[in-house]
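Listed below are the residues making up each chain.
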Amino acid sequence: MITLLCFCIAINIDGGYETPIVGFSNIRHGVHAGLGAEIDFGAVVVNPGLRMDYYPGDNNRYSIMSYELTAAMYKGGWVISPYVGLAGSYLKRSLAGNAEIGYAFIYRGGGQLKISMSPVNIYLRLLYNGLTDFDTHGGFLGYQFGFAYDFVGHEQYGY
Amino acid sequence: MDTKPIHAILMIVLIGSIGCDNRIIERSAGDYFPFKKDNWWAYYNGQDTIRVEVLDPLTVLGREAVTVSFGGDFRYWLISNKAVEEYVEIVYCHGGTAYPIIEDFYVRNERPLVSGYYFRDSILDSIMIAGIKVRADFVFETRVAGFEYHAEYDADVYHITFQMMKRIDSPDTVIVETLNRDEYYAPGIGIVRYVDDAGDHILVDYYID
C-alpha cells in the first residue's frame, strides 16, 4: 500500500484584534502578535509558536500583558476549516506601576479562511480566545490576520 | 497515524495545567464592585447588624450618583470601569447657616484592583464668610494592601486600607477629623468585611441581583 506523507515547514506571522465578551469588563480591547512555525502533517497543520497579547483597560493606567507559548492546529488542504489552539501564558496585570503576575491556560477555537499563493499562505481567522486559571474563565472574540511563508517549499513522498 | 501533533498539544496542556492555579484570571475578570440598585449586604460587628444597600440614584453636582446607605449613612458614588468616586462635602457653620467650602468627588478606588496600588487624592478650597477667610483641606489615601484566598468565598479577597482627613481652618478654630478604615472585597460579592471606629463588621448575609 502506498502512503503519502507531506511534510513541510513554514514561518507564520499573525496579528489581530479582540474584544471582551466573557468577564474582563474593565478591558477595552486586545491586540496581539505572534510568530511561529507551520508544520504540515497532511491531514492537519500544526502551528507551534510564541504570541504576545496586550489588553489596555478602560482605565488607561491599567493593562494586561500575556506572553504565550502556543500550539494550534487546523485541517490541512481545506480553504475554510476549523481552527483550535491551546497555550500556556505568563500574565502580568499592571495598574499605575504596580503589578501582579501569574499563569493562565488559554484555549482558542474558531474558523479559518486560507488563501494559498505558493509559497505564501494568507489566513483570516475568527476566534474565541478563552483564558482560565481553572477557577474562573473569561474570553475575547476577535479576528486574526496572518501569513505563512514556506521556506522549504518541497514535498517529501514516502512509498 | 502520525500522533506528533496530538503529543505536542497534550504537552502544552500538561505544562499549562501545572502552573495555572493562581487565580489571576479570577482577579482580572471578576467584578469586585457589584454596587447595583437593590443589592444589599448585612454585616455584624458583635453588637449590631448593619445593612448596606444600594438605593435609587441621585443627581449630585450634575452627575448621576449611586446612593449607598451604610446603616443610614448615605454615600454617593460614581462607579465606572475606571474608578469609584465618592462625594465629599465640608461645610462651615456660622451664624446658624451652613456654608459649603468643599463639594466635590474624590477617587475612592481606581479600578480594577491590583495589589500594591496606592493613590492619594486631595481637595483644597476656601471661602470668605463675613469678612473672614475659612479654608478646608480634604485628603484621602487608599492602598491595596494585598489579597488572600478565603475558603468561605472560594476566592481571592483584596484588602484595601483608607485614610481620610478633613480639616477646617478659620481665624479662631481648627477642626480636624480623621478616619481610618479597612475594607475587604471578594469577586461577585463586594465588601465582605470592613473595619472602622464602630468595630469589625463581618458579612453575614447579602443579596446580589
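Residues numbered from 1 in each chain as written. Chains lettered and ligands numbered in written order. Predicted model: local features only at pLDDT ≥ 70, side-chain atom pairs only at ≥ 80, totals over all residues.

Visitor: Looking at this structure, I do not really get the overall build of chain A. What am I missing?
Guide: Looking only at helices and strands, chain A features zero helices and eight strands. Secondary structure elements of chain A, listed N to C terminal, follow the sequence β-β-β-β-β-β-β-β. Burial status across chain A gives 39% buried among its 159 residues. (Helix = DSSP H or I, 4+ residues; strand = E, 2+ residues; numbered from the N terminus. Buried ≥ 20, exposed ≤ 12 C-beta atoms within 10 Å, placed from the backbone.)

Visitor: Quick question: what am I supposed to make of the overall build of chain B here?
Guide: Broken down by element type, chain B carries two helices and 12 strands. Across chain B, helices and strands are ordered from the amino to the carboxyl terminus as α-α-β-β-β-β-β-β-β-β-β-β-β-β. Scored against the burial criterion, the 209 residues of chain B give a buried share of 32%. Nonlocal contacts in chain B, meaning residues at least 24 apart in sequence, comprise 46% of its contacts between residues at least 6 apart. (Contact = placed C-beta atoms within 7 Å.)

Visitor: In this structure, what is going on with the sheet that holds strand E7 (residues 118-129) of chain B? I would like to understand it.
Guide: Pairing between sheet strands relies on hydrogen bonds along the backbone, with the strands arranged either parallel or antiparallel. Residue and element names in this part refer to chain B. Within the open sheet, the 12 strands sit side by side as E6-E5-E4-E3-E2-E1-E12-E11-E10-E9-E8-E7. Their pairing is antiparallel. Lying at the two open borders of the sheet, with one neighbouring strand each, are strand E6 (97-110) and E7. Adjacent strand axes in the sheet meet at a mean angle of 25 degrees when their direction is disregarded. Bridge analysis of strand E3 (residues 63-70) against strand E4 (residues 73-79) gives five bridges, and the strand direction is antiparallel. Across the sheet, residue Thr67 finds its bridge partner in E4, namely Tyr76. (Pairing = 2+ DSSP bridges. Axes fitted to C-alpha atoms, helices over the stretch in contact; angles between N-to-C directions.)

Visitor: How do you make sense of the pairing of E7 of chain B when you look at a structure like this?
Guide: If a strand is regular, its side chains alternate between the two faces of the sheet. Strand direction decides the pairing type here: E7 of chain B and strand E8 (residues 132-150) of chain B, joined by 12 bridges, are antiparallel. Bridging across to E8 of chain B, Ile127 of chain B finds its partner in Val134 of chain B.

Visitor: Explanation requested: the interface of chain B and chain A in the structure shown.
Guide: Often the size quoted for an interface is simply the accessible area lost on bringing the parts together. Opposite the 33 residues of chain B that make contact, chain A presents 39 residues. Among the secondary structure elements, those contributing two or more residues to the side of chain B that touches chain A are helix H1 (4-19) and helix H2 (24-29) of chain B. Considering every element that reaches the side of chain B that touches chain A, the biggest residue donor is H1 of chain B, with 10 residues. Residues of the side of chain B that touches chain A, tallied by class, amount to 14 nonpolar, nine polar and 10 charged. (Nonpolar A, V, L, I, M, F, W, Y, C, P; charged D, E, K, R; others polar.)

Visitor: Would you take a moment to explain unusual backbone geometry for this structure?
Guide: Across residues other than glycine, the phi torsion is negative in most instances, and most of the peptide bonds are trans. Along the chain, Ser118 of chain A connects to Pro119 of chain A via a cis peptide bond; the corresponding omega equals 10 degrees. Locating Pro119 of chain A in the fold gives a position in the loop between strand E6 (98-117) and strand E7 (120-132). With an omega dihedral of -10 degrees, the bond running from Arg111 of chain B to Pro112 of chain B counts as a cis peptide bond. Tracing the backbone through its elements, the reader meets Pro112 of chain B in the loop between E6 and E7.

Visitor: What is the right way to read the environment of Val22 of chain A from this model?
Guide: Residues and elements named next belong to chain A. One can find Val22 in strand E1 (residues 8-22). Taking the number of C-beta atoms within 10 Å as the measure of exposure, Val22 has 15 and is therefore partly exposed. Distance in space between the C-alpha atoms of Val22 and Glu38 is 30 Å, their sequence separation being 16 residues. Sequence-distant contacts of Val22, defined by excluding residues within four places in its chain, comprise His137, Gly138 and Gly139.

Visitor: When you look at the pairing of strand E8 (residues 137-149) of chain A in this model, what are you seeing that I'm missing?
Guide: Residue and element names in this part refer to chain A. Where E7 meets E8, 13 bridges bridge the pair, whose relative direction is antiparallel. Following the sheet pairing, Leu131 is matched in E8 by Gly138. Connecting the antiparallel pair E7 and E8 is a turn made up of four residues, with Phe134 showing a positive phi of about 70 degrees.

Visitor: Got a minute to help me understand the nonpolar core in this structure?
Guide: Within soluble globular proteins, side chains that are nonpolar generally end up buried alongside one another. If you look at the biggest cluster of nonpolar residues, it comprises 43 residues, and the most contacted ones within it are Ile90, Tyr158, Tyr185 and Val192 of chain B. By size, the runner-up hydrophobic cluster in this structure holds 22 residues, among which are Ile64, Met73, Leu86 and Ile106 of chain A. (Core = buried A, V, L, I, M, F, W, Y, C linked by C-beta atoms within 7 Å.)

Visitor: Teacher, can you tell me more about the confidence of the model for chain B here?
Guide: Should the pLDDT be low somewhere, the predicted coordinates at that spot are not to be read in detail. A residue-level look at chain B finds 90% of positions with pLDDT of 70 or above and a mean pLDDT of 90. Reported confidence for the predicted complex is 0.84 by ipTM and 0.85 by pTM. (pLDDT = per-residue confidence, 0-100.)

Visitor: How should I be thinking about the environment of Glu86 of chain B in this particular structure?
Guide: Positionally, Glu86 of chain B belongs in strand E5 (residues 83-94). Here the alpha-carbon distance between Glu86 of chain B and Phe105 of chain B, two residues 19 residues apart in the chain, equals 5.2 Å.

Visitor: Sorry if this is basic, but what is going on with the confidence of the model for chain A here?
Guide: All names here are of chain A. Across chain A, the average pLDDT comes to 87, with 90% of residues at 70 or higher. Below a pLDDT of 50 lies the segment residues 1-6, which in the model reaches 10 contacts outside its immediate sequence neighbourhood of four places, other chains included. A low-confidence stretch, residues 154-159 stays under pLDDT 50, and its non-local contacts, those more than four residues away or across chains, total 10 contacts.

Visitor: How should the environment of Val134 of chain B be read in this particular structure?
Guide: Within the secondary structure layout, Val134 of chain B lies in strand E8. In this structure, the C-alpha to C-alpha distance between Val134 of chain B and Tyr92 of chain B, residues 42 residues apart in sequence, is 7.9 Å.

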